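Structural description and commentary
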Amino acid sequence: MTAAVAIKPRTVVLAAAFAIAAVAAALVSLSVGTTRLPLADVVEVLLGGGRHGTRLVVLELRMPRVATGLLVGIAFALSGALLQTLSRNALASPDIVGVNSGASAAAVTVIVLAGTGGGNISGVAAKIGIPLAAVLGGLLATTIVGLLSIQRGVVDAGRVVLIGVGIAAAANSLVAWLLVIGDVTDAGRAAAWLAGSLNARTWSDAVPVGLAVLVLLPIALTFNRSLEALVLGDDVASSLGVRVSRVRIALLVVATVLAAMATAGAGPIAFVALVAPQIAQRLARAERPPLMTTAMLGALFVTVADLIARNGLELLRVGPYELPVGVVTAAFGAPYLIQLIGRQQKER
Amino acid sequence: MRFRVSRPVALLLLLLLVVLAFGASLALGSRWLGADAVLKALVEPSGSDADVIVRDLRLPRTVVAVLIGTCLGIAGALMQGHTRNALAEPGIFGVSSGAALAVVLGLQLGLADSIRTTVWFALVGALAATFGVQRLATRGSGSTPVGLALTGAAVAALLGAFTSAIVLLDADTLDSYRFWAVGSVAGRGLDVVVQVLPFAVVGLLLAVVNARDLDLLALGDDVAAGLGLSIRRARFVGLLAIGLLTAAGVAACGPIGFLGLLAGHVARRLFGARNSWLIPAAGLTGAAALILADLVGRLVGGAGEVQAGVVLGLVGAPLFVLVVRRRAVAL
């Protein structure tokens, strides 16, 4: 079924522009840090040359972080685009349907309970335990939300959001309790993770997210036509031959796994899933968030935000501290969303 | 099986539930006391262990639970009515986040170090956030329900980000903040009640006034305006009530989530959409829920306690899901 989906040139151009901007931001991110490298050196290393020391800094230290940022941005944004389209609710994002909260609760459980009180947890638990817990927790929470939202065999969009809020509240109170019973350094580590951070990422963080994006992005794109129909309403969609309930469940799974893997890689980075689809949809003048454009915008958003998170406070001469990237995405994402809502209200 | 009782009877039954919960909260805990011991402690205390437990430990936190549960329950019902959004809740509205940020700033600056001083920071933060959201959401042609809810969510996330930035840069602040942020009535004395009482009382009075206006607003803005209602004023009074009630709650007990959401939905299910019934019912439901949550946390915790905020999250979620599944989602 190679149904014609009218892909507007505007959308394609936007996606390409965001992709190029994201790569450019990633290059800058590879060049700045405690040792500042000329962009030319970075490019040289990426092309296979360069001195040994430069290669080490770029490829071993900075590359995993930058790659994780790009991939996590794609995953969160795509997840948000799918959920917003499915639920026809601009508020819908992984945090609302329970992915983030489930993943957070599970990961914080590992951090606090496996914590030794020194802020460090043993190798295996840290390397595999936290990401694995995050994915399982995210999937579990969303499965519960999904199952509870089914009524008479139909997944009701409004109910998904509402039940998601309930499950998120339960998970959040578990997190609050874990933070209280835990040692203060473990709690600090958990709080940093909860804010969404790309600090000290390694390839073992980037690769799982990369695999998820590699597999799930094409799958999501094959549903483009069904999504186009779903925007018109369930009745219209099913009269066009879309199996509404089945498509919804399939895409819910895709969105969940994407967000869970991203959360496992970098913590629940705020606002990417909520804002990127909205901006992309607006700029593309579309009826729903265009998937590819949203994904590229997500990558750009997270990469630039991390650049600011790493260097912002130092540039402001507040201190040598690094902020978690999630603080920056919220600081920029929230005002944008507020301004967007204001503009929409004026247009009414 | 279906019971049909009139609304006044149902409201009395809810009140009875609050009274029973109150009694249970005085009697039960790590040491179980009989009804006669509780009564004796209240009426003619002799300074025995039982008297100290009831009067100094259990009575203050139970009174706090009644007051704050009522406030947050009504705040939730008002918010759901004004935003016409089933998700509306002090937490989602950004009010709790505003209070949290103010408290963290107070802790960081060394100005807030005990519950007594924290109270004022929470009050200022909650009120500022309520009106900030209100102002932001009413630019343009006035506040649409979706716009209000979305703005609240955005503000909540923004304030939450600043809070975590401050908390992460300073371990001491994190240490104080995490105990406040979990939401609990433990250790809250009657002095806390006295401090938040004026805010609570004014908020409750405004809520009563606002209930009738909400019924008109539910007919649609145009119809309500046609019937002579000043929509702008009705929304302002509602917002003020929500801000005051939530501020009182957050100041006294920290950001207790779920209570507004839960109480609003339970009351709506029991009493329907008429706000003159719905709002008192939500208050009573909130009070009963918070007392029982605190009691359960005391009973299951063993040596330590599980905070009421945690219990409400864990026990409230299934109940909430049940409510959601049984009734149509749209308000």
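Just so you know, these numbers come straight off a predicted model, no measurement behind them. (Residues numbered from 1 in each chain as written. Chains lettered and ligands numbered in written order. Predicted model: local features only at pLDDT ≥ 70, side-chain atom pairs only at ≥ 80, totals over all residues. Heavy atoms only, no water.)

**Thoughts on the overall build of chain B**
A count of helices and strands for chain B gives 13 helices and zero strands. Starting at the N terminus, the α and β elements of chain B follow one another as α-α-α-α-α-α-α-α-α-α-α-α-α. Counting all 331 residues of chain B, 57% fall into the buried class. For chain B, contacts bridging at least 24 residues in sequence account for 76% of all contacts bridging at least 6. Total accessible area on chain B is roughly 13,500 Å²; 67% of this is exposed by carbon and sulfur atoms. (Helix = DSSP H or I, 4+ residues; strand = E, 2+ residues; numbered from the N terminus. Buried < 20%, exposed > 50% of the residue type's maximum accessible area, 1.4 Å probe, protein only. Contact = heavy atoms within 4.5 Å. Areas by Shrake-Rupley, 256 points an atom, 1.4 Å probe, with all protein chains shown as cover.)

**Thoughts on the UniProt feature "transmembrane region" (unreviewed entry) in chain B**
Residue and element names in this part refer to chain B. Those places that UniProt annotates as "transmembrane region" (unreviewed entry) correspond, in this numbering, to residues 59-79, 91-111, 117-134, 146-169, 189-209, 240-264, 276-300 and 306-324. Helix makes up 95% of residues 189-209 and strand 0%. Its end C-alpha atoms lie 30 Å apart. As a span, residues 276-300 carries 100% helix and 0% strand, and end to end its C-alpha atoms are 37 Å apart. (UniProt positions renumbered as here; feature names shortened; annotations may be inferred.)

**Brief notes about the pattern of salt bridges**
Opposite charge on two side chains permits them to pair, given that their charged atoms come into close proximity. Residues and elements named next belong to chain B. Counted under the stated rule, the structure contains nine salt bridges over all chains. The closest approach of N and O atoms between Arg61 and Asp294, which form a salt bridge, is 2.7 Å. Remark: Asp294 occurs in helix α12 (residues 275-300) and Arg61 occurs in helix α3 (residues 49-83); sequence separation between them is 233 residues. Here Arg61 and Asp294 have matching classes, each one buried. Here the residues in one salt-bridge network are Arg61, Asp294, Arg298 and Glu305, joined through shared partners. (Salt bridge = Lys/Arg side-chain N within 4 Å of Asp/Glu carboxyl O.)

**Digging into the side chain of Gln307 of chain B**
By the element assignment, Gln307 of chain B lies in the loop between α12 and α13 (308-326). The class for Gln307 of chain B is buried, based on a relative accessible area of 15%. If we skip the residues at most four places from it in the chain, Gln307 of chain B touches Trp177 and Val180 of chain A together with Val182, Gly183 and Ser184 of chain B.

**Points about the nonpolar core**
Ranked by internal contacts, the top residues of the largest apolar core, which has 204 residues, are Ile68, Leu78 and Leu290 of chain B. Ignoring anything within four residues of it in the chain, the contact list for Leu290 of chain B reads Ala65, Ile68, Gly69, Val185, Ile256, Leu259, Ala308 and Leu312 of chain B. (Core = buried A, V, L, I, M, F, W, Y, C linked by side-chain atoms within 4.5 Å.)

**A look at helix α1 (residues 9-31) of chain A**
All names here are of chain A. For α1, built from 23 residues, the straight-helix expectation of 33 Å at 1.5 Å per residue is met to within 8% by its first-to-last C-alpha distance of 33 Å. Along α1, the positions that sit buried rather than exposed are Thr11, Leu14, Ala15, Phe18, Ala22, Ala25, Ala26, Ser29, Leu30 and Ser31. On its buried face, α1 sits against α2 (39-46), α3 (52-87), α13 (272-284) and α14 (291-315). Immediately downstream of α1, the backbone of Gly33 shows phi near 150°, a positive value. (Expected span 1.5 Å × (residues − 1).)

**Here we look at the environment of Val207 of chain A**
All names here are of chain A. You can see Val207 is positioned in helix α9 (residues 203-222). The class for Val207 is partly exposed, based on a relative accessible area of 45%. The spatial distance from the C-alpha of Val207 to the C-alpha of Val304 is 21 Å, given a sequence separation of 97 residues.

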